There are 2 protein chains.
Amino acid sequence: MKLYLDIASTTEIHQEVINSMNESYHLFYGNPSSVHSVGYEANKRIESARATLLKSANAKNHYLIFTSGGTESNNLAVLGVTNRHQKQTSHFLCSEIEHPSVIRVYDHLKHEKADVSYIPVTKQGVIDLKALHDMVSSNTHIISVMHVNNETGIVQPVKEIIDLVKKKSPKTLVHVDGVQAFGKINVDLVNVNADFYSISAHKIGGPRGVGALIVKNGVNLSPIMWGGGQENNVRSGTENTPGIIGFEKATLLRINNTAEHLVKIWEIRKELIEHIMSRLEGITMIEHDLSDYQFPGILTISIDNVKSEVILRMLSDNGIYISAGSACSSRKTTASHVLKAMKLNNAVMDGALRISFNETMTYDQITYFVQSLEQHVNQMRRMMKR
Amino acid sequence: MKLYLDIASTTEIHQEVINSMNESYHLFYGNPSSVHSVGYEANKRIESARATLLKSANAKNHYLIFTSGGTESNNLAVLGVTNRHQKQTSHFLCSEIEHPSVIRVYDHLKHEKADVSYIPVTKQGVIDLKALHDMVSSNTHIISVMHVNNETGIVQPVKEIIDLVKKKSPKTLVHVDGVQAFGKINVDLVNVNADFYSISAHKIGGPRGVGALIVKNGVNLSPIMWGGGQENNVRSGTENTPGIIGFEKATLLRINNTAEHLVKIWEIRKELIEHIMSRLEGITMIEHDLSDYQFPGILTISIDNVKSEVILRMLSDNGIYISAGSACSSRKTTASHVLKAMKLNNAVMDGALRISFNETMTYDQITYFVQSLEQHVNQMRRMMKR
């Protein structure tokens, strides 16, 4: 049995997405910037996909810029509003548990002598609202927080955060990294009135190399790349029409069933936890106590006295694919900055495994996964006892 | 008859490229940064595509960074070696006929108070080597020149340019925008020893949203986007495995037949010119006298007293798709900066049409195109006489 339980890292593209892209290659192959009708048709198709995506996030007061993915969207949000003067005079804030494509942008600003602070999180992995309140000032230029954490699935109270920030400093821009949320939990930008919201296609069965940044009307962005002036002069480069069509399709396949899928994913999560707890000892669950703060499709556990990397390689040999935390850091195996920020002890961090799945996971797969896990953990523990 | 003669703008993706991508979706869907075997296999596949592309440019002393396309590659080359200090103290040079994704990066540097100069071209559209020689100094940090111009097909003497620059200032970095050259004419980076060479997939039957920057060994690049540290810490973001595989396939489909294709494309060009000249009066050919300086697959002509945009819309209604110059400037119809740099008069610029094609264009298509062109031009000229 092949069992891919690493969908927070990337998903296998959906067959219907492939079909829609394959169709688009011949219908919309023109350069959307061309004046002739082949270009015009491609352009029209992109605009309709743009409208679909905005609607899917209930974004009634926002516009959308297509990018090459979540990393670019996150970079564009922060760097696209930050000029030299702001770097020298303003204050920048991001949480300690952001994805590398956010936190390293702030690290870069700090390296360039900007005044950057990192917001701590509680032991449960939620942004510390009291600390945030103390840190925000009228000089805070932009703050980045994520919607769903990619390593723990912990959901941040983004509405509360935005309300808190805007109350204390109405001009501070708020960027929400929604890459792990969009298409998975309800995203409602009328309710969560972020200035920027980043999304990505390949996390939800869409193609690689396509993402978007949703921007509040009236908020101006400068490009981070210069060229032909596509995407309203914000993102130059020939538009990736098939990728954009694939992104739209992947979104449509998920967006209307989010609530229904979530119910199913919660059931799978509970089943998984029950199986694991009944068969293995010395397991720490890294999750939030309250279900409102937990996206169920990311289950992070830690196995006492067993290094996560060893287990995941053993599972991989068995055809089961999970992650030791974020896979986004290019094969690095240093301790997770997210788990560190949650002040977990080293032993828990060393044994942390991320299992990520969606509503299609079956009871047989759950059983097979837990059996394999048990087998390898016991084997490792026996070896270490000798 | 549908006749797409705008392949310098973008190409219809090759069916074999689609097939290889479709296959890859299920074989190499893992995140190449993941430690498990699905990730490892994807990573291995990317490395093999990287080697193919380097070999296709005969790049023995270079490495390659995958990007989201030509625009990003060009931005990365220039901005990736330019820090704040260099902006304040160094000199920057690019030619007057660069693609917007190059020239606007230099415009941006100029806007940020850097010392930027633009190298003029001769009336025939070739970079003025004497002027270049006078402009380069030991303080010149980087210079960008293109290999094949996207509006005229004029081939720049990139080897001579690099030799000239390096002789006068060995430390000056030379960036060659090869987006319209790679896969179309012979690209040999042992001979043309550029520090940077930009390439793009969708100009040669490959997918949108994929490009690369080839970089000389020993030349260090800083990222222009921060994140997970993929692509040797230079270009973060989950790798676009299917896109990279498609880029490799598109390259392989063209690279071994470049010389043979060129012979065929020259024949088509000559046929096209003969037909046009025999049936239409008041035509100016915008081309170089010497065939070494002309890529034959881009034919730029100007029709006296007929606005190019009118003709291209009429042709479009007939199912014939050409361009009025660069399509990359997002539907702008201002005069071409390339033709301006060649000091063509306004009348010639107003009537300029770019016909771009490859070796597959048939005799029937040539006839049909010229007949349609003749018909519309005569119609317009009759209308204007009234």
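Residues numbered from 1 in each chain as written. Chains lettered and ligands numbered in written order. Predicted model: local features only at pLDDT ≥ 70, side-chain atom pairs only at ≥ 80, totals over all residues. Heavy atoms only, no water.

Give me the lowdown on the environment of Asn193(A), citing residues and values where you can.
Residues and elements named next belong to chain A. Structurally, Asn-193 is set in the loop between β6 (173–177) and β7 (196–200). The class of Asn-193 is partly exposed, set by a relative accessible area of 29%. Each residue touching Asn-193, except ones within four places of it in the same chain, is listed here: His-62, Ile-162 and Lys-216. (Helix = DSSP H or I, 4+ residues; strand = E, 2+ residues; numbered from the N terminus. Buried < 20%, exposed > 50% of the residue type's maximum accessible area, 1.4 Å probe, protein only. Contact = heavy atoms within 4.5 Å.)

Let's hear about the sheet that holds strand β12 (residues 352–356) of chain B: which residues, and what values?
All names here are of chain B. A sheet is described by the order of its strands in space; here three strands give the open sequence β9-β10-β12, paired in antiparallel fashion. Each end of this open sheet is capped by a strand with a single partner; those strands are β9 (283–286) and β12. Each adjacent strand pair in this sheet contributes to an overall mean axis angle of 30°, direction not counted. Note: strand β10 (residues 298–303) against β12, five bridges, orientation antiparallel. (Pairing = 2+ DSSP bridges. Axes fitted to C-alpha atoms, helices over the stretch in contact; angles between N-to-C directions.)

If you had to explain the pattern of salt bridges to someone new, which residues and values would you point to?
Under the criterion given, the structure shown has 35 salt bridges over all chains. Notably, a salt bridge pairs Lys166(A) with Asp195(A), separated by 2.7 Å at the nearest N-O pair. Here the residue Lys166(A) occupies a position in helix α7 (residues 158–168), and Asp195(A) occupies one in the loop between β6 and β7, the gap between them amounting to 29 residues. A residue is classified by how much of its surface remains accessible, and Asp195(A), at 3% relative accessible area, is buried. Between Arg50(B) and Glu231(B) there is a salt bridge; the shortest N-O distance is 2.8 Å. (Salt bridge = Lys/Arg side-chain N within 4 Å of Asp/Glu carboxyl O.)

Describe the environment of Ser117(A), and please don't skip the residues or the numbers.
Residues and elements named next belong to chain A. With respect to the helices and strands, Ser-117 occurs in strand β4 (residues 115–119). Judged by its relative accessible area of 18%, Ser-117 is buried. Along the primary structure Ser-117 and Asn-220 are separated by 103 residues, whereas in three dimensions their C-alpha atoms are 24 Å apart. Leave out the neighbours within four places in its chain, and Ser-117 touches His-91, Phe-92, Leu-93, Cys-94 and Met-135. Here His-91 takes part through its side chain, which lies 2.9 Å from a polar atom of the side chain of Ser-117. (Polar contact = N/O pair within 3.5 Å; in protein donor to acceptor, adjacent residues only side chain to side chain.)

Explain the packing of helix α10 (residues 308–317) of chain A against helix α13 (residues 363–385) of chain A to me, and be specific about the residues and the numbers.
Each pair of packed helices gets described by two things: the angle between the helix axes and the distance between those axes. Residue and element names in this part refer to chain A. Where α10 contacts α13, the two axes come as close as 10 Å, and the packing angle between them is 130°. If you check the angle between α10 and α13, you find them oblique. Relative to α13, the crossing made by α10 is right-handed. Taken together, the residues of α13 that come into contact with α10 (itself represented by Val-310, Ile-311, Met-314 and Leu-315) are Phe-369, Ser-372, Leu-373, His-376, Val-377, Gln-379 and Met-380. For the contact of α10 with α13, a count of residues per class yields eight nonpolar, three polar and no charged. (Parallel < 35°, antiparallel > 145°, perpendicular 65-115°, else oblique. Left-handed = near helix turned anticlockwise from the far one by under 90°. Nonpolar A, V, L, I, M, F, W, Y, C, P; charged D, E, K, R; others polar.)

Could you give me a rundown of unusual backbone geometry, with the residues and numbers involved?
Trans peptide bonds make up most of the peptide bonds, and negative phi angles are found at most residues other than glycine. Residue and element names in this part refer to chain B. One non-glycine residue, Asn-232, adopts positive backbone phi at about 60°. Along the chain, Asn-232 turns up in the loop between β8 (211–216) and α8 (241–255). Its identity is not glycine, yet Asn-305 carries a phi of approximately 65°, on the positive side. The residue Asn-305 is located in the loop between β10 and α10 (308–317) in this model.

Keep in mind these numbers describe shape, not what the thing actually does.
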